[in-house]
Amino acid sequence: MRAQKRTIRSIGGMPPALVYACAAHFPQYKGVPDHLKLHAVDPEEAELEAIDLPADRDRFILAYYEPFLAALEAGQEEPARDGYELASFGPFRISVGVLAPVAQRVRRAQRGRIEHLYQDVVELLGTHLAAARPAHQFTDGTVVTSKWQQALDQDDWSTETGENYPQGW
């Protein structure tokens, strides 16, 4: 972990503002899973062979939203709702969406107008996101919904499997 986090010297010409490593696991105690344990490691100096990542905010935002736009294109188009472009994936009972002005701006960036994409998206989110949103509408201007409640309500993990859990679980 320590060596891995030291392999990046800079991102877009700037040293990383935050570098840390974190691992979570459930250790065994007398053959039974114990409570969740978390290990965090602070950064140290860079490795001798550390790399510089030539990235910038505009390209990061483009890379971030491209999978959402690909999902919109791959899914079954749904009518726009609450200012979101939406697509559904029927057999999976999932819908994915992107705030329409954000989707339009990212598409322009895909066609070559990437300059100021980061700032434009930040402004669009500030203008078009409702302060009070349903849980499925995220602050990045995306929406993901599912119709899985019936499947989630199934008791398919009960003690009939023969697994022994610590008291209090």
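The following paragraphs examine the structure supplied in this document. Starting from 1, residues in each chain are numbered consecutively following that chain's sequence as written. Owing to the predicted nature of the model, reporting of local features is limited to residues with pLDDT of at least 70; listing and counting of side-chain atom pairs is limited to 80 or more, with chain, interface and lining totals taken over all residues. No hydrogens and no water enter the side-chain calculation; it runs on all heavy atoms of the structure.

What follows deals with the packing of helix 2 (residues 57-74) against helix 4 (residues 117-128). Fitted lines through C-alpha atoms serve as axes, helices being fitted only where they are in contact, and the angles separating the N-to-C directions of these axes extend from 0 to 180 degrees. Helix and strand assignments follow DSSP, with helices taken as H or I runs no shorter than four residues and strands as E runs no shorter than two, numbered in order from the N terminus. At a minimum axis separation of 7 Å, helix 2 and helix 4 run at an interaxial angle of 60°. Considering the angle they form, helix 2 stands oblique to helix 4. Along the contact surface, helix 2 presents Arg 57, Asp 58, Ile 61, Leu 62 and Tyr 65, while helix 4 presents Leu 117, Tyr 118, Val 121 and Leu 125. Of the residues assigned to the contact of helix 2 with helix 4, the class counts are 7 nonpolar, no polar and 2 charged. Here the angle decides the label: under 35 degrees means roughly parallel, over 145 means roughly antiparallel, 65 to 115 means roughly perpendicular, and every other value means oblique. For this analysis, residues touch if any pair of their heavy atoms sits within 4.5 Å. For this classification, Asp, Glu, Lys and Arg are treated as charged, while Ala, Val, Leu, Ile, Met, Phe, Trp, Tyr, Cys and Pro are nonpolar and the rest, including Gly, are polar.

Let us now look at the pattern of salt bridges. Definition used for salt bridges: Asp or Glu carboxyl oxygen within 4 Å of a side-chain nitrogen of Lys or Arg. In this structure the tally under the stated criterion is 4 salt bridges. Between Glu 78 and Arg 81 there is a salt bridge, with the nearest N and O atoms lying 4.0 Å from each other. Judged by relative accessible area, which is 18%, Glu 78 ranks as buried. The class for Arg 81 is partly exposed, based on a relative accessible area of 46%. Each residue's exposure class comes from its accessible area (1.4 Å probe, protein chains only) as a fraction of the maximum for that residue type: buried when under 20%, exposed when over 50%, partly exposed otherwise.

The subject of this paragraph is the side chain of Gln 137. Looking at the secondary structure, you find Gln 137 in the loop between helix 4 and strand 10 (142-146). Setting aside residues up to four positions removed in sequence, Gln 137 forms contacts with Asp 82, Tyr 84, Thr 142 and Val 143.

Here we take up the sheet that holds strand 7 (residues 76-81). Strand order in the open sheet made by the 4 strands is 7-8-9-10, with antiparallel pairing throughout. Of all the strands in the sheet, the pair left with one neighbour each is strand 7 and strand 10. Each adjacent strand pair in this sheet contributes to an overall mean axis angle of 20°, direction not counted. In short, DSSP must find at least two bridges between two strands for them to pair. Across 5 bridges, the pairing between strand 9 (residues 94-99) and strand 10 is antiparallel. By the bridge assignment, Ser 95 is partnered in strand 10 with Thr 145. Helix-sheet contacts for helix 2 involve strand 7, strand 8 (84-89), strand 9 and strand 10, and the interaxial angle to strand 9 is about 125°.

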